[in-house]
Amino acid sequence: MEHTQSEINAVQLRYTGVGVSPGRVIAPLIPMAPPVAAPPEGDPLVEEVEGAVERLNDAATAVKAELKERAERARSEAAAEVLKATSLMAGDKALIKNAVKLVRNQSLSPERALWDAATGYADQMRTMGGYMAERAADIEDVRARIVAELRGMPAPGVPQRVEPFVLAAEDLAPADTAVLDPDTVVALVTSSGGPQSHTAILARNLGLPAVVAANGVTDIESGTSVFVDGSAGSVVTHPGAEHEQAVAAWHEASEQLANFDGRGALADGTEVALLANVGTADDAQAAAAAGAQGVGLLRTEFCFLGRDTEPTVEEQTEAYIEIFKAFGSDKIVVRTLDAGADKPLPFLTDTTEPNPALGVRGYRTDWTTPGVLARQLQAIAAAADQTEANVWVMAPMISTAGEAEHFAGLVHAAGLKVSGVMVETPAAAITAEQILDRVDFVSLGTNDLTQYTMAADRMLGSLAELNSPWQPAVLRMIERTAAGAHAASSTSGMHKNVGVCGEAAADPALAVVLVGLGVDTLSMSPRSLAAVAAVLSRVDPEQARTVAQTALDSTSAQEARDTVRAQLPVLEELGL
Ligand code: PEP
Ligand code: MG
């Protein structure tokens, strides 16, 4: 690659964060466009009325056309739907008519007139509640886009470009990510957001290199060339020859990691089933195509989110059947509804709780709104009856053996055979043996287990160091859980499976540690399967146990990660 004199003279700056999705790229960094500020209240018209009306109409037409064109180019149906709906709103005749009226009758600037007209609509929708209330945010998005167009500013949100770029943002909201095109966005870097944040999960789903909690990256000047290393967690401006070599080495290695052959095993043949985390039927099909050996976590919230009433048993059954069908007779671990905290639901959770992460969430909603869980289990059982799937069911946010016993009772009453619980609280980890005397399996939700063990909100970038599953305290919780399962298996004479379905399972180095700690199966985003499989296939059980002991004996997350990585040269070899 040729370098211009100004690139050679430029000062190279290095930003360090947490690498959450592997890969190395070099591309210009473009920050997310800032939110559009409201025009000053009562902003007066300083131009001729007809010209202002024409400008207003032109801006709305331009935004409508741009969104329509993007909808046609969208890579997924979901993104096309979002863009189409927003395009229609931008062309809404009543909205423009009201804004024009404000220009003519109240002599407001076109920006302020449009702002007020759209705000009026959004407020009305919000008071209607439910589905309509959710559309209020879409109107506000249209409002910002038209005002940005009127001001000649970039549209808010993910920048639209033809050339590849590294997207820098404080953090990404789900709405931003629905329209993110992985052909042009080649890496994600954020200044906030932890390893378990939405950005991190999305990056792994899309297979994009990503670094989170890298303070300062949003201040890098737009268009600056940067090197991103999603394993090392670094972002370097004005990259040099060594960075180009690192990118080339990654390309070579990633070809080896392109495919998973559908069988997870250690070097000696010990099987470690590699399963997928899925949330929708589309996800399930993609996971099956990627070779996943089943589903280790079906997040059933997809059936409930965005609704203000409980879906019927029939609606749920149909949705589960669609997912189960993707996997034939393979294992599907269905997690019952995990509402609350970061996933509030209007008909189940109380948004005024002062501490929602410690409140009525997950399994606990059965105490305040009994019946929803039993009906969900009925739907899961009906879907299981109508398909070949080997259905296991587990509850989120379990803290006591009594809760596990109650849940197993509900599962069996619904006619389902295999019951389990997630280990997401330190309480569940240290009482795993008692819990497993009552259920058939556990699955470690390391995202929540980390936040509760370390008392560190998983959404906060400022706590990223604490909020790492590499923390020796978290690893000890996992060790304790596996030891409890071992004891319960001996007593009952039945193997009690210990899975991991948190993001930790997708980190190839941590995957070795987890297996060494006694974990049987790993569930992750399908994109991570090949890398995890490649590393596991190069390690034997004894080595995994040694590596795990090193991690347990460490005194910090950093030390655990560094010492484990130093013992696994295969990681460097594969560019992971
Ligand atoms: C977890 O907590 O690790 C988990 C898998 O559940 P979620 O991320 O949906 O809370
Ligand atoms: Mg969880």
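Definitions and limits used
Positions within a chain are numbered from 1, following the residues in the order the chain's sequence is written. Just so you know, chain letters begin at A and ligand numbers begin at 1, following the order they were written in. Since the coordinates come from a predicted model, pLDDT governs what is reported: local features require at least 70, and pairs of side-chain atoms require 80 or more to be given and counted, while whole-chain, interface and lining totals use all residues. Based on all heavy atoms of the structure, the side-chain values leave hydrogens and waters out of the count. Only DSSP runs of H or I covering at least 4 residues are called helices, and only runs of E covering at least 2 are called strands; the numbering of each starts at the N terminus. Burial classes: relative accessible area under 20% of the type maximum marks a residue as buried, over 50% as exposed, and values in between as partly exposed (1.4 Å probe, protein chains only). Any two residues whose heavy atoms approach within 4.5 Å at even a single point are treated as in contact. Consider each residue's heavy atoms; a residue with any of them within 4 Å of a molecule or strand counts as near. Throughout this description, a polar contact denotes any pair of N or O atoms lying within 3.5 Å of each other; where both atoms belong to protein, one of them has to be capable of donating a hydrogen while the other can accept it, and for residues adjacent in sequence the pair is counted only when both atoms sit in side chains. Each accessible area is a Shrake-Rupley result for a 1.4 Å probe, and residues are judged covered by the shown protein chains and nothing else. The pairing criterion is simple: DSSP has to find at least two bridges between the two strands. Angular values range over 0 to 180 degrees, each being the angle between N-to-C directions of two axes fitted as lines to C-alpha atoms, with helices fitted over their stretch in contact. Residues belong to one nonpolar core when they are buried, are Ala, Val, Leu, Ile, Met, Phe, Trp, Tyr or Cys, and are joined through side-chain atoms within 4.5 Å. An automatic or database domain assignment is the source of the domain bounds shown. Sites may look incomplete because water is not among the atoms; the donors themselves are N, O and S atoms within 2.8 Å of the metal, or within 3.2 Å for Na, K and Ca.

> How do you make sense of the side chain of Asp338 when you look at a structure like this?
Mapped onto the secondary structure, Asp338 falls in the loop between strand 11 (331-335) and helix 12 (365-368). For Asp338, a relative accessible area of 0% corresponds to the buried category. When sequence neighbours within four positions are dropped, the list of residues in contact with Asp338 reads Glu301, Lys343, Arg361, Gly362, Pro396 and Met397.

> Sorry if this is basic, but what is going on with the site of ligand 1 here?
What surrounds ligand 1 is a group of 14 residues, the closest being Arg299, Arg335, Gly445, Asn447 and Arg458. Within the backbone of Gly445, one N or O atom sits 3.3 Å away from an oxygen atom of ligand 1. Asp448 is positioned such that a nitrogen or oxygen atom in its backbone is 3.0 Å from an oxygen atom of ligand 1. Protein burial of ligand 1: of its 290 Å² of free accessible surface, 99% is covered by the chains. Those elements giving two or more residues to the shell around ligand 1 turn out to be strand 10 (294-299) and helix 17 (446-454). Here the shell around ligand 1 takes 3 residues from helix 17, the largest share from any one element.

> Can you walk me through the sheet that holds strand 13 (residues 418-423) in this structure?
The strands that make up a sheet pair up through hydrogen bonds in the backbone, lying either parallel or antiparallel. Ordered in space as 9-10-11-12-13-14-15-16, the 8 strands form a closed barrel in which the pairing is parallel. Strand-to-strand twist in this sheet, taken as the mean axis angle between neighbours without regard to direction, amounts to 25°. Against the sheet, helix 13 (residues 372-385) contacts strand 11 and strand 12 (390-395), and its axis sits at roughly 165° relative to strand 12.

> Would you mind showing me how to read the nonpolar core here?
Note that soluble globular proteins tend to have their nonpolar side chains buried in a common cluster. Among the nonpolar cores identified, the biggest contains 107 residues, and Leu274, Phe324, Val513, Leu522 and Leu536 are the most heavily contacted of them. With sequence-adjacent residues up to four places away left out, Leu522 is seen in contact with Val272, Ala273, Leu274, Leu275, Val500, Ala505, Ala511, Leu514, Val515, Val532 and Leu536. With 35 residues, the next largest nonpolar core counts Leu56, Trp115, Ala117 and Ile139 among its residues.

> Teacher, can you tell me more about the domain arrangement of the chain here?
Its domain assignment divides the chain into domain 1 (5-33 + 158-255), domain 2 (49-151) and domain 3 (258-573). In this structure, domain 1 and domain 2 have C-alpha centres spaced 31 Å apart.

> Can you help me understand the coordination of the magnesium ion (ligand 2) in this one?
Working reference: metal with six octahedral donors, ideal angles 90 or 180 degrees; metal with four tetrahedral donors, ideal angle 109.5 degrees. Within the protein, the atoms that donate to the magnesium ion (ligand 2) are Glu424 (OE) and Asp448 (OD), at distances of 2.0 Å. Within this pair, whereas Glu424 is found in the loop between strand 13 and helix 15 (426-430), its partner Asp448 is found in helix 17, the two being separated by 24 residues in sequence. Of the residues examined, Glu424 reaches a relative accessible area of 2% and is grouped as buried. According to the relative accessible area criterion, Asp448 is buried, its value standing at 2%.

> Can you help me understand helix 19 (residues 508-516) in this one?
An α-helix turns once every 3.6 residues. As a result, residues three or four positions apart point the same way. Counting buried residues in helix 19 gives 9 out of 9 residues, a clear majority hidden from the surface. All of the buried residues in helix 19 are Pro508, Ala509, Leu510, Ala511, Val512, Val513, Leu514, Val515 and Gly516. Capping the start of helix 19 is the job of one residue whose side-chain oxygen sits 2.9 Å from the backbone nitrogen of Ala509: Asp507. Just beyond helix 19, the residue with positive phi is Gly518, at close to 110°.

> What is the right way to read helix 17 from this model?
Among the 9 residues that make up helix 17, 9 are buried, leaving the element largely enclosed by the rest of the structure. For helix 17, the set of buried residues is Thr446, Asn447, Asp448, Leu449, Thr450, Gln451, Tyr452, Thr453 and Met454. Of the surrounding elements, those touching the buried residues of helix 17 are strand 10, strand 13, helix 15, strand 14 (441-444), helix 18 (472-492) and strand 15 (497-500). Ala455 occupies a position one or two residues after helix 17 and carries a positive phi of about 50°.

> I keep staring at the environment of Ala210 and nothing clicks. Help me out?
With respect to the element layout, Ala210 can be found in strand 6 (residues 210-212). Overall, Ala210 belongs to the buried group, its relative accessible area being 0%. Taking C-alpha positions, Ala210 is 24 Å from Gln567, a pair spaced 357 residues apart along the chain. Setting aside residues up to four positions removed in sequence, Ala210 forms contacts with Val18, Gly19, Val20, Ser21, Leu188, Ala203 and Gly230.

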